[in-house]
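Structure assessment
Now for the letters of each chain:
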Amino acid sequence: GVILSFFFSTRITAPIRALTHTMEDICRGNLDAAIKPELLKSRDEISIMADSFNRMKDNILQLINALKESNQELEKRVDERTMEVKQKAALLEKTVEELTRVNQELDSFVYTASHDLKEPLRAIETFSNFILEDYWERLDDEGKDYLKRISAGAHRMKNLIDALLAYSRVTRGKVQCETIDLSRVIREALKRLEHVIEERNVDIRIRRDIPVIYGDSTKLCEVFYNLILNAIKYNDKDKPIIEIDCPIPQPKKDEIVVFVKDNGIGIDSDARDEVFKIFKRLHTRDEYGGGAGAGLAIVKKIMNDHEARIWVEGESGEGAVFYLSFPIVRG
């Protein structure tokens with residue numbers, strides 16, 4: 001009985017021990033471990049379970065190998081894509097550098113050419129006026145008309161060149177940002193326009209607690225100067241009203257919005273983007289003054305340099321509202 005018990009217990013426990021040791025080997029990372037075939041000769045339940053375990057392990061091993069091959073292929077594709085992205089990034093960086101260099105050269109050329117054109121143009125305008133003053137009686141009507149056209153054309157050209165130089169100065173200068181009191185910047189812009197405001201009897205309404213922002217005070221003074229000047233120039237009312245304020249509450253938590261609102265002629269909805277293009281005029285030169293049409297282009301460029309937004313709302317005949325949105329810089 002003892003001998004038989006030992007024999008049967010050995011037949012039963014041997015596959016179990018082999019299965020246990022094999023599982024421990026696999027858990028330690030030895031995926032090639034398997035139950036020895038001689039232990040699986042019998043077809044009892046334990047041997048069938050051990051055989052099933054071997055087949056399950058083989059299937060898992062095949063799956064792992066397939067995953068490794070897939071991962072290797074994926075890594076290869078990622079490396080190829082990374083190399084391709086790096087090449088495109090390098091090409092893009094080179095293109096940006098080239099465009100920046102060309103743009104700087106173009107800005108320098110425009111500035112130099114515009115500056116050099118002012119001298120002969122000034123001479124044309126001056127001598128045209130001299131002829132009109134000194135030889136007025138000697139000229140017939142046709143000659144007077146020609147000289148008036150020459151003088152007017154020289155004057156318009158001078159305004160265009162001055163506007164081009166002003167725009168060029170904005171594009172050439174770097175933004176020097178600091179924490180600034182926007183109310184003080186607006187007061188400086190109003191001081192520059194004091195004569196025009198008094199002459200047109202403009203009613204200026206400014207909110208006293210306009211927030212402090214981060215920006216270039218000199219350039220932002222130019223922004224409000226042009227916006228206020230436009231609000232005065234394009235106004236057909238006997239008493240122009242200009243309101244500078246902040247929406248309450250602010251539209252977004254990460255932005256500070258200020259608006260300049262007037263009761264002037266307004267802007268058609270289909271022309272709201274056009275007004276920010278340089279030399280773009282929505283009216284003839286005889287209407288609302290003879291500006292060159294660069295003021296709002298300068299405003300747009302300065303706002304872009306500040307990574308800020310500007311847009312206009314309002315309808316024709318109902319006044320215009322220019323919104324300026326500045327990002328909040330958190331330290």
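Look above for the structure.
Quantities reported herein were computed from a predicted structural model and do not represent experimental measurements. (Residues numbered from 1 in each chain as written. Predicted model: local features only at pLDDT ≥ 70, side-chain atom pairs only at ≥ 80, totals over all residues. Heavy atoms only, no water.)

Another point: the packing of helix α4 (residues 182-192) against helix α6 (residues 217-233). Packing of α4 against α6 leaves a shortest axis separation of 8 Å and a crossing angle of 55°. Considering their axes alone, α4 and α6 lie oblique with respect to each other. Considering the relative orientation of α4 and α6, their crossing is right-handed. Each of Leu-182, Arg-184, Val-185, Ile-186, Glu-188, Ala-189, Leu-190 and Arg-192 in α4 lies in contact with α6, whose residues at this interface are Ser-217, Leu-220, Cys-221, Glu-222, Phe-224, Tyr-225 and Ile-228. Of the residues in the contact of α4 with α6, the class split is 10 nonpolar, one polar and four charged. (Axes fitted to C-alpha atoms, helices over the stretch in contact; angles between N-to-C directions. Helix = DSSP H or I, 4+ residues; strand = E, 2+ residues; numbered from the N terminus. Parallel < 35°, antiparallel > 145°, perpendicular 65-115°, else oblique. Left-handed = near helix turned anticlockwise from the far one by under 90°. Contact = heavy atoms within 4.5 Å. Nonpolar A, V, L, I, M, F, W, Y, C, P; charged D, E, K, R; others polar.)

Bringing the pattern of salt bridges into the picture now. Summed over all chains, the structure comprises 10 salt bridges. Arg-184 is the partner of Glu-188 in a salt bridge, and the nearest nitrogen-oxygen pair spans 2.7 Å. Here Glu-188 pairs with Arg-184, and both are found in helix α4, just four residues apart, close to one helical turn. A salt bridge links Glu-255 to Arg-309; the shortest N-O distance between them is 3.0 Å. Highlighted residues: Glu-255 in strand β5 (residues 255-262) and Arg-309 in strand β6 (residues 309-313), separated in sequence by 54 residues. Exposure remark for Glu-255: the relative accessible area of 15% places this residue in the buried category. Bridged by salt links that share partners, the residues Arg-81, Glu-84 and Lys-88 form one connected network. (Salt bridge = Lys/Arg side-chain N within 4 Å of Asp/Glu carboxyl O. Buried < 20%, exposed > 50% of the residue type's maximum accessible area, 1.4 Å probe, protein only.)

One open sheet accounts for five strands, arranged β2-β4-β5-β7-β6; its pairing is mixed. The sheet is open, and its two borders are formed by β2 (203-206) and β6, each paired with just one other strand. In this sheet, neighbouring strand axes are inclined to one another by 15° on average, regardless of whether the strands run parallel or antiparallel. Bridge analysis of β5 against strand β7 (residues 321-327) gives seven bridges, and the strand direction is antiparallel. Its bridge partner lying in β7, Ile-256 is registered against Phe-326. Each of β2, β4 (241-245), β5 and β7 touches α4; the most contacted strand, β2, lies at about 170° to it. (Pairing = 2+ DSSP bridges.)

In a pair of packed helices, the angle between the axes and the distance between the axes together describe the arrangement. The interhelical angle for the contact between α6 and helix α7 (residues 295-305), taken along N-to-C directions, is 145°, at an axis separation of 9 Å. Where α6 crosses over α7, the two elements pack in a sense that is left-handed. Two secondary-structure elements touch here, α6 through Lys-219, Leu-220, Glu-222, Val-223, Asn-226, Leu-227 and Asn-230 and α7 through Gly-295, Leu-296, Ile-298, Val-299 and Ile-302. Split into classes, the residues belonging to the contact of α6 with α7 amount to seven nonpolar, three polar and two charged.

Ranked by internal contacts, the top residues of the largest apolar core, which has 43 residues, are Leu-182, Leu-220, Phe-224, Ile-244 and Phe-322. Elements with a minimum of two residues in this core: α4, α6, β4, β5, α7, β6 and β7. (Core = buried A, V, L, I, M, F, W, Y, C linked by side-chain atoms within 4.5 Å.)

Buried within α7 are the following residues: Gly-295, Leu-296, Ala-297, Ile-298, Val-299, Ile-302 and Met-303. Trailing α7 by a residue or two, Glu-307 shows a phi angle of about 55°, which is positive.

Let us look at the environment of Ile-150. Counting through the fold element by element, Ile-150 comes out in helix α3 (residues 141-172). For Ile-150, a relative accessible area of 41% corresponds to the partly exposed category. As a C-alpha pair, Ile-150 and Glu-125 span 25 residues in sequence and 7.5 Å in three-dimensional space. Excluding its chain neighbours within four sequence positions, the residues that come into contact with Ile-150 are Ile-124 and Ser-128.

With phi around 55°, Asn-201 is a residue other than glycine that occupies positive phi space. The exposure class of Asn-201 is partly exposed, given its relative accessible area of 45%. Phi is positive for Glu-307, close to 55°, though the residue is something other than glycine. One can find Glu-307 in the loop between α7 and β6.

The next thing to look at is the side chain of Lys-144. For Lys-144, the location among the structural elements is in helix α3. For the buried Lys-144, no salt bridge is present, and the opposite-charge side chain at shortest range is Asp-141, 4.6 Å distant. Non-local contacts of Lys-144, meaning those with residues more than four positions away in its chain, are made with Leu-132, Trp-136 and Leu-139. (Lys, Arg positive; Asp, Glu negative; His and termini not counted.)

A few words now on α6. Since the α-helix advances by 3.6 residues per turn, residues separated by three or four positions end up pointing in the same direction. When the terminal C-alpha atoms of α6 are compared, their 24 Å separation across 17 residues agrees well with the 24 Å that a helix rising 1.5 Å per residue should span. With respect to burial, α6 is a largely interior element, 13 of its 17 residues being buried. The N-terminus of α6 is capped by Asp-216, whose side-chain oxygen sits 3.0 Å from the backbone nitrogen of Thr-218. (Expected span 1.5 Å × (residues − 1). Polar contact = N/O pair within 3.5 Å; in protein donor to acceptor, adjacent residues only side chain to side chain.)

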